[in-house]
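Now for the letters of each chain:
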Amino acid sequence: MSLLITEKCIVCDLCLTVCPNDAISAGEEIFLIDPERCTECVGRHPVSQCVKVCPVKAIVPDPQHVESREELQRKCDVLKQRSAA
């Protein structure tokens, strides 16, 4: 499942700097997570790095993008291949 940044976001940019997939970007008012790039850090870290560093707990599972751990791993593998090319 992809993650989602809620309106609690204080735009501190801590999440932006720790995302291994470059899935986080600045939106008009808060940061946004690209569900096509978010793997919840599966395949890279044992826990989601953005969730770990968020001081206001503004990052939650995105109910619109439910994926299994296996699907997240496959997505991570594809992203790794693209970045290596």
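Notes on the structure follow. (Residues numbered from 1 in each chain as written. Predicted model: local features only at pLDDT ≥ 70, side-chain atom pairs only at ≥ 80, totals over all residues. Heavy atoms only, no water.)

**Concerning the overall build of the chain**
On a plain count of helices and strands, the chain comes out with three helices and four strands. Rg of the C-alpha trace for the chain: 12 Å, near the compact-globule value of 12 Å for 85 residues, within the 12% margin. On the principal axes, the C-alpha backbone points of the chain span a range of 35 × 25 × 25 Å. Counting only residues that meet the buried cut, the chain has 32% of its 85 residues in that class. Summarising the internal contacts of the chain: among those between residues at least 6 apart in sequence, 68% fall at separations of at least 24. Looking at the chain, you have 10 positive and 13 negative side-chain charges, and the mean spots of the two groups are 8 Å apart. (Helix = DSSP H or I, 4+ residues; strand = E, 2+ residues; numbered from the N terminus. Rg over C-alpha atoms; globule rule 2.2 N^0.38 Å. Buried < 20%, exposed > 50% of the residue type's maximum accessible area, 1.4 Å probe, protein only. Contact = heavy atoms within 4.5 Å. Lys, Arg positive; Asp, Glu negative; His and termini not counted. Charge placed at Lys NZ, Arg CZ, Asp CG, Glu CD.)

**Considering the nonpolar core**
Membership of the largest hydrophobic core comes to 14 residues, with the highest contact counts inside it found for Ile-5, Cys-15, Ile-24, Ile-33 and Ile-59. Contributing elements (two or more residues each) for this core: strand 1 (3-5) and strand 3 (31-33). Leaving out residues up to four positions away in the same chain, Cys-15 has contacts with Ile-5, Ile-24, Phe-31, Cys-50, Val-53 and Ile-59. (Core = buried A, V, L, I, M, F, W, Y, C linked by side-chain atoms within 4.5 Å.)

**Some remarks on the environment of Arg-44**
Tracing the backbone shows Arg-44 in the loop between strand 3 and helix 2 (49-53). Arg-44 sits 29 residues away from Gln-73 along the chain, and the two C-alpha atoms are 9.2 Å apart. For Arg-44, the residues in contact, after removing those within four places along its chain, are Pro-20, Asn-21, Cys-76, Leu-79 and Lys-80.

**Notes on unusual backbone geometry**
Even without being glycine, Cys-41 reaches a positive phi, approximately 70 degrees. Note on placement: Cys-41 falls in the loop between strand 3 and helix 2. Residues other than glycine seldom take positive phi values, yet Lys-57 does so here, at roughly 55 degrees. If you trace the backbone, Lys-57 turns up in the loop between helix 2 and strand 4 (59-61).

On their own, these measurements won't tell you what the molecule is for.
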